[in-house]
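# Reading the structure
Now for the letters of each chain:
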Amino acid sequence: MIGTGAAMLSDSAPVLQPLAPASGVFAYLWVLLALPLFGAAVLLLGGRRTNRWGPYLGCLTVITAAAYAIALLVSMMALPADERAIGQSLYSWVAVGSFQAEFALQLDQLSMVFVLLITIVGSLIHVYSLGYMEHDVDRRKFFGYLNLFIAAMLLLVLADNYLLLYVGWEGVGLASYLLIGFWQFKPSAAAAAKKAFVMNRIGDVGLSLAIMLIFVTFGTVAFDSVFAQAGQASETTLTWIGLLLLLAACGKSAQFPLQAWLLDAMEGPTPVSALIHAATMVTAGVYLIVRSGAIFDGTAVALTVVAIVGVITMFLGAIIGSAKDDIKKALAGSTMSQIGYMIIAAGLGPIGYVFAIFHLLTHGVFKANLFLGAGSVIHGMDGQQDMRRYGALRTAMVVTWLTFMCGYLAIIGIPPFSGFFSKDDIIHAAFEKNWIIGVCGVLAAGITGFYMTRMIIMTFFGKARWEDDVHPHESKPVMTIPLIILGIGSLFTGAALVYWGDIVGWLEPVTGLQEEPLAIPTIALEGITLTVVLIGVAIAIAKYRSTVPVEPPPGNLLTVAARNSLYDDAINDALVVQPTYALSRGFVTVDDRVIDGTVEGSASLVGGVSRRLRLVQTGFARSYALLMVAGAILVAVVLVVVRLS
Amino acid sequence: MSEVEPSTGEAAVFWVCAILSVTGALGLILSRRAVHSALWVALTMISLAVLYIANAAPFLGMVQIIVYTGAVMMLFLFVLMVVGVDSSDSLVETLRGQRIAAILLGVGVGILLIAGVSTSLTGVMSVGLDAANAEHGGNVEGLAWLLFSDYVLAFEVVAALLITAAVGALVLAHRERWTPRKSQRELSEERVRTGTHVTPLPNPGVYARHNAVDTPGLLPDGTLSEITVPAPLRARGDLRPINTAAVEETAALAAGNDVLAPSEYPVADDPGTSPGEPR
Amino acid sequence: MNPESYVVLACVLFTLGAIGVLVRRNAIVVFMSIELMLNAANLAFVAFARMNGNLEGQVIAFFVMVVAAAEVVVGLAIIVTIYRSRRSASIDEPNLLKY
């Protein structure tokens, strides 16, 4: 097990930083939100007259926001380490009795890195989309949705209380729904959007229940007050809150058992997959857990469940990614797997929070790189997504191939590239807490090596298996330049954050960190991990070096299951959908028989009695008058009797 | 007049008027014709007016005669003229058990009321209104004083009620003509179209001797035709019976035979006819 | 003359009026019976006024008369209207109350 909550609480509760008032460059924190929101409003409300320049405006708002975010980073780095949390209250949003919620923003070290990731990767993807969506008639709407997404995501990470975070959370879900279903004329896209929305709702229910429970327990929803009181609540309460937050995270981050929507979400345009379903939105669950670290610290049970969910999802994603022939779905499986890593790290407690965020950052960069590279390939192959129809593209698309290789080296964790630092840190921390999780992490790293190598070989090496009328070509500079930037980022983000940015020290005021002596020598662990990865790579090379059949071979049981996403839809159908239908049918029967029976029975009872009582009503005024006289006599007699007695 | 001691004169007035008023009330219930009922009620009201005056209420007595007997009852008679005679005048009871139940319950009410009144009022003497009337110089002045001081609001409300009632009666009784009045041409065309009576309705069987419209005309085969008599008379059942003897006599005369002796004519029960005159 | 006689007479007249209402079918006769009941009440008021030496009873009787007059006007108008549409003044006929 991961250790006891009490022990962890004693030495590792994150330091609560006082929020400094926003001043100087921070005074315009709200602009960060307002810029993309303004862009979305103009593009979505402006109608067709913004068609011509709308996409450029969409890019401009996000790039400006990114520039401002960098300025914020520079200013923040100039501040002392314990004064870097900035709060800005815009107005009192909800004030009902004891229920107070400010519309207030909070920019601390954790939010800062998220803001940078969202705005910078977001800017690159916006620019890339200029090329990718060039021929789409609705691209103004597309950029409007992208801007809406950026605004919602920024609100999510900048909120200083759970209620405001919930607003951003829902906004992100909405933008995701709109973008997955962007090509809504395809029934599969419309269905995928609906599926994502519904499965996200399940997580949202968890979040709303968690917020209610937080308010009931602590009497407030503001982060600082909640975390300050977190130690006083009972462990049972904290466990419930933690599990509900985990449910929310599972929905948004596509973790087991709510993972099924992410693969279908690849129906959206590829930049959407890159931005939302790889780099930013799906990491919201990780952010939520890390942000609520003070709550999770008090409950070992919830943390254990978090780690277990992470392990399961990590393997699910890796296995699915190894078998899918659709390049985007293979990458989506990889995303699930990598977010599984982050969730594992978050489930390790304070020791893992910082590594979860670290891996989130590097993953955000290299996964965006990989997705955009995949998008470039798809673009060059006229929309073909089946890797069995690729092959030998390294000569046709040199820039794409090279940048894709950067992402590849980063994700499988070859030193000294990004993934090496972040993933190894997680595996390392896992061994500290529980060697089983550590072994799982190493194994999953090997599978990562396998499926990524498989993808590279099938796409860029071997013989060309193109369809007859396809002539692959390199994409335009507007797409390749973001690829190059992201490729460089993939290679060096990890090293830069470790050696230059001191990500651990940077995040420490928020997440807390305990320096524990590592029981296993770092170098040995790195060696083991690297060996396992290389074994995975070697297996993939051995298996796919020779010709790849255009038609998928039958494959063994596991392969077939993985091609079907491990039957998640069938399982959901059997476990949830069919029982729901059966329950509904049962309710219909109960409604027809019992409720309608009662209602109609009482109605016919009243009707029958009325039919008989109706005969008293002759309709003759004189009969009524007679009854009135009888009544008067009755009253008089009663009065007399009462008077006399 | 001394109120404390029961006076013989008042007792006489009371008994006469009491008997008259009860007679009038019984007449109201028992008369077959509504007009007779109205007249009986008028009798009751006049008796009551006398009783009011005997009870030191001369103003109310006058109002009773003027308003009730004079105005209200005459209004009833006018309406009776409009409505005419109706089958509901019949004293045959149509609701089963209604009459017996009504009489039993009515008598029950009466017994209860009288029992209650006599237990509480036996031996009670009147204070008399002399003092009250003297305060403002007379009965009418006393009433006026009360009406225009304590009861002025009620008085005003009642005035509004009267106005409203007058307007309401106008509205209710007013008949809006929705269609234009039919011309004679249209009426005749309608008659032809419906095909029942193309010609005007036949005349009553008028005999020169009394010119009565209540005498039905006879068809050639000797049966009588009801449509020859106006509808209100038919509704009232006021068809004059056929004087079969006269018919036969006419037939005999036509055949050249001798007429019957005048004494042999059957006598109709209708006082308006003089059966003895053949022509 | 004591008031008891007058009040008893009023009771008798009231009873006869009530029986008239219950027994007669012609709406106008029923109306007259109601007027009779009102008059009986008036007689009781007048007798009580004299009994108590207070003119207010007479004032009440006066108001009863006025209201009864208003009532008669409206009531008879209604009867005339009903008679016009149904060609009958029977109070048993408009038994639409039944349905």
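What you see is a predicted model, and the numbers here were worked out from it, not measured in a lab.

### Here we look at the pairing of strand S3 (residues 99–107) of chain A
Residue and element names in this part refer to chain A. Bridging between strand S2 (residues 86–96) and S3 involves nine bridges; their strand directions are antiparallel. Paired with Tyr91 across the strands is Phe103, a residue of S3. Where S2 folds back onto S3 in an antiparallel hairpin, the turn is made up of two residues, including Gly97, whose phi is positive at roughly 55°.

### What to know about the packing of aromatic side chains
Residue and element names in this part refer to chain A. On inspection of all chains with the given rule, the structure shows 22 aromatic pairs over all chains. Here the aromatic rings of Tyr128 and Tyr132 are separated by 5.9 Å at their centres, their planes lie at 20°, and the arrangement is stacked. Of this pair, Tyr128 and Tyr132 both sit in helix H4 (residues 109–132), four residues apart, which is roughly one turn of that helix. Pairing Phe223 with Phe227 gives two aromatic rings, centres 5.7 Å apart and planes at 5°, and the pair type is stacked. One end of the pair, Phe223, and the other, Phe227, are both in helix H8 (residues 223–229), four residues apart, so they sit about a helical turn from each other. For Phe223, a relative accessible area of 2% puts it in the buried group. Joined through ring pairs, the aromatic side chains of Phe142, Phe143, Tyr145 and Phe182 make up one cluster. It is Arg201 that lies over the ring of Phe197; its NZ or CZ is 4.3 Å from the centre.

### Structural notes on the confidence of the model for chain A
In this model, chain A carries a mean pLDDT of 84, and residues with pLDDT of at least 70 account for 96%. Predicted confidence is poor over residues 1–14 of chain A, with pLDDT under 50, and the contacts of this stretch with residues over four places away or in other chains come to 33 contacts.

### Regarding the interface of chain C and chain A
Taken together, the contact between chain C and chain A spans 11 residues of the former and 10 residues of the latter. For the pairing of chain C and chain A, the buried interface totals around 930 Å² over both sides, and the portion due to carbon and sulfur atoms is 64%. The tally of links from chain C across to chain A stands at zero salt bridges. Where chain C packs against chain A, one counts two residue pairs in polar contact (both at pLDDT 80 or more). Of the residues assigned to the side of chain C that touches chain A, the class counts are six nonpolar, one polar and four charged.

Definitions and limits used
- Residues numbered from 1 in each chain as written.
- Chains lettered and ligands numbered in written order.
- Predicted model: local features only at pLDDT ≥ 70, side-chain atom pairs only at ≥ 80, totals over all residues.
- Heavy atoms only, no water.
- Pairing = 2+ DSSP bridges.
- Helix = DSSP H or I, 4+ residues; strand = E, 2+ residues; numbered from the N terminus.
- Phe/Tyr/Trp six-rings, centres within 6.5 Å; stacked < 30°, edge-to-face > 60°.
- Buried < 20%, exposed > 50% of the residue type's maximum accessible area, 1.4 Å probe, protein only.
- Lys NZ or Arg CZ within 6 Å of the ring centre and 35° of its normal.
- pLDDT = per-residue confidence, 0-100.
- Contact = heavy atoms within 4.5 Å.
- Buried area = accessible area lost by both parts, 1.4 Å probe.
- Salt bridge = Lys/Arg side-chain N within 4 Å of Asp/Glu carboxyl O.
- Polar contact = N/O pair within 3.5 Å; in protein donor to acceptor, adjacent residues only side chain to side chain.
- Nonpolar A, V, L, I, M, F, W, Y, C, P; charged D, E, K, R; others polar.

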